[in-house]
Each structure stands twice: as C-alpha cells, then as structure tokens.
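Notes for the structure review
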Amino acid sequence: MKWQGRRQSSNVDDRRGKGGSGQGIGGFNPTLLGPLVKILFSKVGLFIVGGFLVVSLIMGKNPLSLITQFLGGGTIQNESSAPYKPSAEDQELAEFSATILANTEDVWNKLLKNYREPTLVLFTGSVSSACGSASSATGPFYCPGDEKLYIDLGFFEDMERRLNAPGDFAQAYVIAHEVGHHIQKITGISDKMNRLRGQLSEKEYNKYSVKVELQADFLAGVWAHHSQQMTQMMESGDLEEAMNAANAIGDDRLQKQSSGRVVPDSFTHGTSAQRMRWFKKGFETGDLSQGDTFSATSL
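It should be emphasised that the depicted structure is a prediction, and the values quoted were computed from it without experimental measurement. (Residues numbered from 1 in each chain as written. Predicted model: local features only at pLDDT ≥ 70, side-chain atom pairs only at ≥ 80, totals over all residues. Heavy atoms only, no water.)

**Thoughts on the pairing of strand 4 (residues 132-135)**
Where strand 3 (residues 126-129) meets strand 4, 4 bridges bridge the pair, whose relative direction is antiparallel. Bridging across to strand 4, Ser128 finds its partner in Ser133. Linking strand 3 to strand 4, which pair antiparallel, is a turn of 2 residues. (Pairing = 2+ DSSP bridges. Helix = DSSP H or I, 4+ residues; strand = E, 2+ residues; numbered from the N terminus.)

**Observations concerning the packing of helix 5 (residues 154-162) against helix 6 (residues 168-186)**
Helix 6 packs onto helix 5 with a crossing angle of 125° between their chain directions and a minimal axis gap of 11 Å. Taken together, the axes of helix 5 and helix 6 lie oblique to each other. The handedness of the crossing between helix 5 and helix 6 is right-handed. For the pair formed by helix 5 and helix 6, the contact residues are Phe155, Phe156 and Met159 on the first element and Ala170, Gln171, Val174 and Ile175 on the second. (Axes fitted to C-alpha atoms, helices over the stretch in contact; angles between N-to-C directions. Parallel < 35°, antiparallel > 145°, perpendicular 65-115°, else oblique. Left-handed = near helix turned anticlockwise from the far one by under 90°. Contact = heavy atoms within 4.5 Å.)

**Some thoughts on the nonpolar core**
Among the nonpolar cores identified, the biggest contains 53 residues, and Trp108, Phe156, Met159, Phe169, Tyr173 and Trp223 are the most heavily contacted of them. Breaking this core down by element, the ones donating at least two residues are helix 4 (88-111), strand 2 (119-123), strand 6 (148-151), helix 5, helix 6, helix 8 (202-231), helix 9 (238-248) and helix 11 (272-285). Considering every element that reaches this core, the biggest residue donor is helix 6, with 9 residues. With residues up to four places along the chain from it excluded, the contact list for Met159 reads Asn164, Ala165, Ala170, Gln171, Val174 and Ala245. (Core = buried A, V, L, I, M, F, W, Y, C linked by side-chain atoms within 4.5 Å. Buried < 20%, exposed > 50% of the residue type's maximum accessible area, 1.4 Å probe, protein only.)

**Considering the confidence of the model for the protein**
Fine structural detail should not be taken from predicted coordinates in areas where pLDDT scores are low. Per-residue pLDDT for the protein averages 83, and the proportion of residues at 70 or more is 79%. Predicted confidence in the protein is weakest over helix 1 (residues 35-41), with a mean pLDDT of 39, and strongest over helix 11, with 98. pLDDT under 50 marks residues 55-59. Its contacts with residues more than four places away, or in other chains, come to 18 contacts. Low pLDDT, under 50, characterises residues 61-80; the stretch is placed with 55 contacts to residues that sit more than four places away or in other chains. (pLDDT = per-residue confidence, 0-100.)

**Comments concerning the pattern of salt bridges**
A full pass over the atoms with the stated rule returns 14 salt bridges. One connected set of salt bridges, linked through shared partners, spans Glu157, Asp158, Arg161 and Arg162. (Salt bridge = Lys/Arg side-chain N within 4 Å of Asp/Glu carboxyl O.)

**Examining unusual backbone geometry**
The phi angle at Asn114 is positive, at roughly 55°, despite the residue not being glycine. With respect to the element layout, Asn114 can be found in the loop between helix 4 and strand 2. Positive phi, normally seen in glycine, also occurs at Glu147, with a value near 55°. Locating Glu147 in the fold gives a position in the loop between strand 5 (141-143) and strand 6.

**Focus: the sheet that holds strand 6**
Read across the open sheet, the 4 strands follow the order 1-2-6-5; overall the sheet is mixed. This sheet does not close on itself; its edge strands, each paired only once, are strand 1 (12-15) and strand 5. Between one strand axis and the next, the sheet turns by 20° as a mean value, whatever way the strands run. Where strand 2 lies against strand 6, 4 bridges are found, and the strand directions are parallel. Paired with Leu120 across the two strands is Leu149, which belongs to strand 6.

**What to know about a negative patch on the surface**
Where like charges cluster on the molecular surface, the negative patch consists of Glu89, Glu92, Glu95 and Glu160. Sort the elements by how many residues they give to the negative patch and helix 4 lands first, with 3 residues. In this structure, Glu95 sits in helix 4. Glu95 gets classed as partly exposed once you look at its relative accessible area, which sits at 32%. (Patch = residues over 30% accessible without salt bridge, like charges linked within 9 Å, V, L, I, M, F, W, Y side chains within 5 Å. Areas by Shrake-Rupley, 256 points an atom, 1.4 Å probe, with all protein chains shown as cover. Lys, Arg positive; Asp, Glu negative; His and termini not counted. Charge placed at Lys NZ, Arg CZ, Asp CG, Glu CD.)

See the structure below:
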C-alpha cells in the first residue's frame, strides 16, 4: 500500500503502555450473572463473543478465560508505570493505523450523510472500555457502547505468524471490518439485532451473527473500492492480502485447525468462502445497496 505521507486521523486515543484498570462502564453486575451469561446477553455481545472464539483459537487461549478477563472478573495486570517507548516497528504500525482510519473517514463521510467518526484506541496489555475490561488476547474489537475501535497492534504480528495472513492491506482490512461494525451501529442495524437477542435459540441467533459479520466484511470491501478510486493507495497484491486474511479467519477453517472438525451450527462469523465472497462483492461493486446479508437467499 502507498500509505506513507498521507493524512493521519486525529480520532486516535493512544493508550499504549498505560494498561487497563478495573471494570468498564458498561453496567455489568458480577453479583447477578456468571461472566459467560453476561456477555452472551449484553447489548454488545453480538460483536464480541465471536471474537473471543476466533482469538482463542489463534492464540491457544481458553475462551472462558478471555471472557472472564474482558468482564473484569479475572486478573489483568496493568502495564509498568515506566514511560512507554514503542519500537520503530510498533510506531510505524500506529501511524499506519491512524492513516487507514483517516482514509475510512474520508470514504464514509462521502458515502453517508452526517457520519459520526469513531475513535481508534491503541493499547498494550489491557484496556477499559464501555464494554468492560479486555486483555490484548481479546484481539481487535468494536464497542458500540462508546463507538470506539480497540486494537493491540501486536495482533498484526499474530496475523502473520499464526494465521499466515501477512501484509499491510490485510491489516487495513481488519481496521475496515471494525469500522464496518460502527456503520452498523450508526445505521441502526446493531440495535435491531439486539432486539432479537433473547427471542431466538442460540442456533438461530448464530445465523444472524454470521450475517452481521459478513455484512461488516462487505462494508470493508466497499471502503476499499472507494478508497482506491479516491487515493490509488492499493498496489499489486493488496487485494489478495485481504482475501487471504478473510480466508484465514473463516469459522470452518479455524474450527478445523483447532479441533479437526467443523460444527456449522456454532458459526458466528461465516465460512472462509463466505467472508471472501462478501468482501469481494463490496470491493467490486462499491454499492451499499448490495450488502443486505439479512435478505440474501444465499450467503
């Protein structure tokens, strides 16, 4: 990608080296429900639960442990009080992320009237959000409670090392996907999904969760389409990097790698083929009207 020297977003909250502290402000009450139940039935569970499974498979962590930490029920160590000094590579990733966020702002301000720009929070170790406390093992996530994206930049190294999904455009795809969840928040889609929670069985709700995630992939593709028209940042091989990343994080591929078997009823993000298909559809059309995964007869 030709991203150097371009505008960086001012909507970046750099908390690297500061660590998280205590329970988030999302209103979770640990005395009433167990951590797993709380996250499954919270308003933000739609965007987070699937992420725990994906990241636990990537990093070899116990997903229940990750959920406990996210809710503040486990022990999350704060970072050292010594001044944080990022490596040159880490600082370049921070500048890259701020540049990609700025580019998403340019695209979505063009496509959506009265677009509310989200904030990108960079952290190391742990972080507090309106959705609770999270460790770096949680992976990138979007919190609709405060309309912020949270990323520990170390995740990009995990993408390359553990998922075999290297490349700067693969990293841009991750950011654009989380911004896609923000689009769902401000357009009311996530609120509609929240109203379905508790009305459906886990199996049926998982089907809707898949549609939410695939739509976020589509929106990432729409961003890439218009970004390329506006900036010509993409270079040869960039599209393949994003497609490879989408393939690497399909539910079927992750489950097969983890347990050797695939359980479709437990899918929450979609198969590798589905994730690639919807990202590519968004990229090829750039047309928001074609991203209705909820009405699609075939995913």
